[in-house]
Amino acid sequence: MSSPLVAPPVVKTKSLSCPNCGGPVELRGFGHALTVVCPQCFSVLDASTPELKILQQIEERWRRTPKIPLGTRGKIGGGEFEVIGFQTRSVEEDGETFSWDEYLLFNPYKGFRYVVEYDGHWNFVTPMEAMPHRIALGGRPGVIFEGRRFKHFSGAEAVTTFVLGEFPWRVKTGDKVIDDDFIDPPTVLSAETTDEEVTWSRGEYMTGAEIWKAFALPGPAPRASGVYLNQPSPFKSGGMWTSFGGMLAMVAALAIFFSVFSANRTVFEDHYQFQTGDGREPSFVTPIFDLKGRTASLELTVHANVTNDWAYFNFALINEDTGNAFDFGREVSYYTGSDSDGPWTEGGQTSTAYIPSVPPGRYYLRVEPEMDANAGSFVRASNGKMTRVNRMSYSITLKHDVPDYTWFWIVAGLLMIPPLAHTVRGRNFEVRRWMQSDYPPVQHGGN
Amino acid sequence: MSQPISNCPNCGAPVQFRWSGAAQTACPFCKSIIVRTDIELKNVGEVADLPPDPSPIQLLTEGSFGGQRFNVTGRLVYEYENGGWNEWHIVFSDGSSGWLADAQLQYAISRLAPAQALPAQAEISRGKVMTFNNVEFEVATLTLARYKGFEGELPFPYYGKSDMLFADLRTTGSQFGTLDYSEDPALLYLGEWVEFDQLQLKNLRQFEGWA
């Protein structure tokens, strides 16, 4: 293109002389600076005018040394950025002063970013143009941004207590803004409110080690203390519960597998009558039945039609060939009635006994029922006397190789311990986080 | 695209309009502001050289937005109490015109919205909410600014204006708007905040020490 236009020459960095001490003041921001601070005498200078008017002198007691020196470049947030400014801001709360450091980062094409540090916790901060939608979250203020919900954490007046380097806006110590933080870890959205405007920014949590690596700083990063407002919880319980769910499903599949392959076969079933005081021997033996296949469980169910009464059964499962016996007893008791609370029942007409492993073989069952004769009704005996007689009818069912789920519940319970412990520790982490907020969780056990 | 060539009414040097919609340019030799009253060129004053500026964008920078290529043809520089910003006039490949704003390296692209009923200057205040194209816009800041200068070609003659009010309209997302009260009735520009990388800009300025 035959253009008469000449492209502007390469933009050069500038160095100025401090009007107060005469020392060199380097400008790294190619003319974006409105404020620059002399690194020798800490005069805050108005960089928008060629004469560099002195705006203020920072007292010695407020001076701080940035952990990342001015002029350091780092690879962060998808680009290369240079530290060109530094400021310290403080809030007063209950007579205590909390201070944090903000590093202004610059790239002549991509613009400005910040790195913010408090007590070894770091955030990479990007200015935002959007104004997040304000909502109420559980009775507290919150905002929605890009589909995520952010809870209000704290709001306080922040005062600038120290500045160094250069800034593309007017800044001096004593500047005040209302700073409100909304969190959805690892992200924090911050609103800075002045009389003129509300400025939003978005911070992403970073560890000291990540910052040290990004800016190639010597030595180890200072240790972080406490839990920071948007520090991601190391106890994210979601994953643990997902793997718990996965393992539980596997165990459940195993349980279903075993139940499908359990024969669950009825090997004996019969009905009987019993009455007291008929002079007959109450005990008897059943016909012989076969337990085939593997050594497996045997389940005995006895159902008796007792009401407001009890019956007791002595059982012996006897191997016809070896004479080995399993002795056990079962009570059936069922009471029902009605009182001021309405109708009630207690017990039941069915009782079950479970023998975990019975070897295969030929077996019979010895049964000896008992009842309380005095709970019965009067009948005339053959000798003409009135005597009390108690009676019942009952049934006995024997099932071989029944599925057993007890182990399943034990395994499920054991599997639940790690995620449960993780969740509890996660809760504690959140309590420690929110203790620093405007909404400290209620603590039990005094102040 | 036609590129009418004529002569500067002040010094006679050849003046070329690279963009057929241009209404104003500056003579590259004598710095006269030249307004096109179709075919006739009128000299309406003189521009001072623009002060050095750190924008990475320059005339003839090219980029892409919304699937369309664009060229930077002109620039307006505004200043206000707390600094300044650039409005780069861009022409898309379909010949339509837009603006690429660069305010402290925060970038936005906007276009003039069709004429519609807009609140008068006296009715505008911070926090006021209005709806355009079913999107709610909130007045975030009011800025009283003035022209600091221009270069290249502009779609309208701008010279001789004093202080003017701009209302910065924000949304809950990346859309934004500007109400420009330098005209009566006011003009509405609607657009989007963009990331530098998103624009795929070429032919940018070079900065010492930055590759």
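Residues numbered from 1 in each chain as written. Chains lettered and ligands numbered in written order. Predicted model: local features only at pLDDT ≥ 70, side-chain atom pairs only at ≥ 80, totals over all residues.

*Asks:* How should the overall build of chain B be read in this particular structure?
*Replies:* Helix and strand counts for chain B come out as zero helices and 15 strands. Taken over the C-alpha trace, chain B has a radius of gyration of 17 Å; the compact-globule value for 211 residues is 17 Å, and the two agree within 12%. Taking the principal axes of the C-alpha coordinates as reference, chain B spans close to 50 × 40 × 35 Å. Taking all 211 residues of chain B together, the buried fraction comes to 31%. A separation threshold of at least 6 residues defines the contact pool for chain B, and within that pool the share at least 24 residues apart is 49%. (Helix = DSSP H or I, 4+ residues; strand = E, 2+ residues; numbered from the N terminus. Rg over C-alpha atoms; globule rule 2.2 N^0.38 Å. Buried ≥ 20, exposed ≤ 12 C-beta atoms within 10 Å, placed from the backbone. Contact = placed C-beta atoms within 7 Å.)

*Asks:* How should I be thinking about the nonpolar core in this particular structure?
*Replies:* The nonpolar side chains of a soluble globular protein tend to be buried, and buried together. If you look at the biggest cluster of nonpolar residues, it comprises 50 residues, and the most contacted ones within it are A:Phe182, A:Leu189, B:Ile34, B:Ile90 and B:Leu100. By residue number, the principal contributor to this core is strand β8 (residues 83–92) of chain B, which donates four residues. Beyond its immediate sequence surroundings of up to four residues, B:Leu100 is in contact with B:Ile57, B:Val72, B:Trp88, B:Ile90, B:Tyr107 and B:Ile109. With 33 residues, the next largest nonpolar core counts A:Val37, A:Cys38, A:Val83 and A:Phe112 among its residues. (Core = buried A, V, L, I, M, F, W, Y, C linked by C-beta atoms within 7 Å.)

*Asks:* How should the domain arrangement of chain A be read in this particular structure?
*Replies:* Think of interface size as the accessible area that goes away when the parts come together; that is how it is often given. One can read the domain layout of chain A as domain 1 (53–232) and domain 2 (263–402). Distance between the C-alpha centres of domain 1 of chain A and domain 2 of chain A: 78 Å. (Domains from an automatic or database assignment.)

*Asks:* In this structure, what is going on with the domain arrangement of chain B? I would like to understand it.
*Replies:* Residue and element names in this part refer to chain B. The assigned domain composition of chain B is domain 1 (5–46) and domain 2 (62–199). One C-alpha centre belongs to domain 1, the other to domain 2, and the line joining them spans 25 Å. Breaking the side of domain 1 that touches domain 2 down by element, the ones donating at least two residues are β3 (24–26), β4 (32–37) and β5 (40–46).

*Asks:* I tried to follow helix α3 (residues 406–435) of chain A on my own but got confused; where do I start?
*Replies:* Because the α-helix completes a turn every 3.6 residues, residues three or four places apart line up on one side. Helix length check: α3(A) (30 residues) gives 43 Å between terminal C-alpha atoms against 44 Å at 1.5 Å per residue, within 8%. Bending of α3(A) peaks at approximately 35° at the position of A:Ile417, with proline A:Pro418 no more than four residues after it. (Expected span 1.5 Å × (residues − 1). Bend = angle between axes of the 7 residues up to and from the residue.)

*Asks:* Explanation requested: the sheet that holds strand β17 (residues 265–275) of chain A in the structure shown.
*Replies:* Hydrogen bonds between backbone atoms are what pair the strands of a sheet, whose relative direction is either parallel or antiparallel. Residue and element names in this part refer to chain A. Taken in spatial order, the four strands make up an open sheet running β17-β28-β20-β24, and their pairing is antiparallel. Either end of the sheet is taken by a strand with one partner, and the two such strands are β17 and β24 (350–358). The sheet shows a mean angle of 15° between the axes of neighbouring strands, direction not considered. Both β17 and strand β28 (residues 391–400) contribute to a ladder of 10 bridges, which runs antiparallel. Paired with Phe274 across the bridge in β28 is Met392. (Pairing = 2+ DSSP bridges. Axes fitted to C-alpha atoms, helices over the stretch in contact; angles between N-to-C directions.)

*Asks:* Looking at this model, I keep getting lost on the confidence of the model for chain B. Mind explaining?
*Replies:* Caution applies to low-pLDDT regions: their predicted coordinates should not be interpreted in detail. On average, chain B scores 86 in pLDDT, and the residues at 70 or more come to 91%. Confidence metrics for the complex model read pTM 0.75 and ipTM 0.87. (pLDDT = per-residue confidence, 0-100.)

*Asks:* How do you make sense of unusual backbone geometry when you look at a structure like this?
*Replies:* Most peptide bonds adopt trans geometry, and most residues besides glycine take a negative phi value. Cis geometry is adopted by the peptide bond preceding A:Pro186, which originates at A:Pro185 and carries an omega value of 5°. Structurally, the position occupied by A:Pro186 is in the loop between β14 (176–184) and β15 (187–193). For B:Leu60, which is not a glycine, the phi torsion comes out positive at approximately 80°. Structurally, B:Leu60 can be placed in the loop between β5 and β6 (62–65). For B:Leu60, a count of 16 C-beta atoms within 10 Å puts it in the partly exposed group.

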